Amino acid sequence: MTAYKDFSREELIAEKQALQKRFDEYKAMGLNLDMSRGKPSKEQLDLSMDMLKPVDYVENGFDVRNYGLLDGISSCKKLFAELMDVDEKNVIIGPSASLNLMYDYICQCYCEGVLGSTPWCKLDSVKFLCPVPGYDRHFTILEHFGIEMVNVPMTDEGPDMDVIEELIKSDSVKGMFCVPKYSNPQGITFSDETVKRIAAMKPAAKDFRIIWDNAYCVHDIKEDGDELLNIFSVLGDNEDMVIEVCSTSKMTFPGAGVSALAASEANIAQIMKRLNCQTISYDKMNQLRHVKFFGNLDGIKAHMKKHAAIMKPKFDMVIEHLENELGGLEIASWLDPKGGYFISLDVMNGCAKRVGELCKDAGVTLTTVGATYPYGNDPNNSNIRIAPSLPPVAELDLATQILCVSVRIAAVEKLLEQ
């Protein structure tokens with residue numbers, strides 16, 4: 001294809017007319033297609049239904065239907081320790097979603113401080129580093145507590161470490177949220193060098209904490225999936241700096257899975273002290289169901305291959321449409337991730353909101369434009385997060401075609417304004 005920038009004005013007008021005709025045909029279908037969030041499809045949810053078969057709810061003589069075992073049953077701790085490649089003593093089993101663990105930990109830092117430091121609520125300035133584009137739920141937590149968010153651009157190896165190493169010279173910078181494997185939304189896995197540089201950081205703030213949201217640790221889609229270096233293996237004297245979380249939300253049942261947290265012994269002790277006030281115990285019946293269903297890490301990996309078999313054709317379809325419809329026009333760029341749940345599409349600067357409007361008019365719901373940046377403010381108005389997992393293949397096919405036509409229309413309109 002010829003790049004749009006090389007079109008004459010007359011050619012752009014003709015292109016706009018042709019695209020509008022296609023768009024009107026899609027719009028006349030009266031569609032209602034959803035690509036807004038990374039929800040597993042019905043086929044993926046059906047993979048875990050055997051978990052709900054009756055089991056014996058006794059482990060090591062303990063009836064897990066009763067009170068007790070605040071940090072989780074031992075078999076579930078062992079399973080997650082294997083998954084995160086940490087010692088069982090450094091694991092706490094949480095509620096159904098890791099989002100709860102992250103919110104509660106930030107709340108703990110805000111209200112009582114980090115290992116004896118001044119509570120963040122008593123400080124004049126508290127800032128957090130946010131790799132962008134990033135996960136909107138992270139930003140929502142920080143905004144809820146009034147913590148100032150500082151954008152850090154992503155590179156193809158992870159967050160820009162030169163920027164981070166400069167920013168952490170201020171003791172007002174208290175931490176960073178990140179998704180280190182198959183980042184949300186770009187699908188980037190942090191390189192070994194990036195992980196090592198993060199692990200070796202010496203922030204001015206002694207209470208600096210990294211929330212290592214390893215949500216997609218086993219969510220490979222392609223056979224040659226990415227490998228993420230275990231940050232705990234290279235932390236050295238910085239062992240207190242990282243709080244890792246993960247969950248089975250996109251392995252089994254979102255909203256009815258099991259989450260886990262891994263941290264240093266000092267951090268675990270402080271979290272357990274808070275949990276002793278906060279809850280009696282999390283759902284141990286669900287923990288045991290998951291253990292019996294998976295068995296071990298090999299069981300988790302085998303299960304996730306079934307997910308990949310469902311997800312890969314959807315991701316391949318989206319990438320194929322992007323290449324066929326937008327390739328060569330020089331109006332958009334994207335990455336082809338090896339795993340995770342999203343495809344990040346960057347359209348021409350100033351066009352993302354218009355693309356969202358067009359898609360909505362044609363019956364396609366996208367993630368709210370701007371959501372991948374703190375405060376919903378994408379400075380370039382260019383990023384769109386595509387979530388291919390939920391729609392059936394036929395619906396996804398239509399939705400992606402509509403998205404591509406919308407991107408082209410928005411770009412032509414922008415060029416005609418110049």
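Caption draft 1: Summary view of the packing of helix α10 (residues 297–326) against helix α12 (residues 393–417). For the pair α10 and α12, the least separation of the axes is 10 Å and the interaxial angle reads 30 degrees. Compared by their axis directions, α10 and α12 come out roughly parallel. In this structure, α10 meets α12 at a crossing whose hand is right-handed. Of the residues in α12, those touching α10 at Lys314, Met317, Val318, His321, Leu322, Glu325 and Leu326 are Val393, Leu396, Asp397, Thr400, Gln401, Cys404, Val407 and Arg408. Here the contact of α10 with α12 is composed, by residue class, of eight nonpolar, three polar and four charged.

Caption draft 2: Layout of empty space enclosed by the protein. What the rule picks out here adds up to four cavities of 30 Å³ or more. Its boundaries defined by the atoms lining it, the largest cavity holds a volume of some 120 Å³. Taken together, 14 residues form the lining of the largest cavity, with Pro131, Gly134, Tyr135, Cys178 and Val179 sitting closest to its centre. Elements with a minimum of two residues in the lining of the largest cavity: β5 (127–132), α5 (136–144) and β8 (173–178). Residues belonging to the lining of the largest cavity are distributed by class as follows: 10 nonpolar, four polar and no charged. The computed volume of the second largest cavity comes to approximately 50 Å³. As for the second largest cavity, its lining consists of Gln44, His219, Asp220, Ile221, Met304, His307, Ala308, Met311, Gly340 and Tyr341. Element by element, the count of residues in the lining of the second largest cavity is highest for α10, at four residues.

Caption draft 3: Spotlight on the layout of surface pockets. Approximately 690 Å³ is the volume attributed to the largest pocket. Along its surface, the largest pocket is lined by 28 residues, and Lys181, Cys217, Val218, Asp220 and Lys301 are the ones closest to its centre. Within the residue set of the lining of the largest pocket, elements represented by two or more residues are α3 (74–84) and α10. Broken down by element, the residue count for the lining of the largest pocket peaks at seven residues, all from α10. Taken together, the residues of the lining of the largest pocket break down into 13 nonpolar, three polar and 12 charged. Estimated volume of the second largest pocket: approximately 530 Å³. Taken together, the elements giving at least two residues each to the lining of the second largest pocket come down to α4 (98–112) and β10 (242–247).

What counts, and where the lines are drawn
- Residues numbered from 1 in each chain as written.
- Predicted model: local features only at pLDDT ≥ 70, side-chain atom pairs only at ≥ 80, totals over all residues.
- Heavy atoms only, no water.
- Axes fitted to C-alpha atoms, helices over the stretch in contact; angles between N-to-C directions.
- Helix = DSSP H or I, 4+ residues; strand = E, 2+ residues; numbered from the N terminus.
- Parallel < 35°, antiparallel > 145°, perpendicular 65-115°, else oblique.
- Left-handed = near helix turned anticlockwise from the far one by under 90°.
- Contact = heavy atoms within 4.5 Å.
- Nonpolar A, V, L, I, M, F, W, Y, C, P; charged D, E, K, R; others polar.
- 1 Å grid on protein atoms, 1.4 Å probe; cavity = no way out; pocket = protein on both sides within 12 Å on 5 of 7 lines; lining within 4 Å.
- Points joined across faces, edges and corners; volume = space filled by probe spheres on them.

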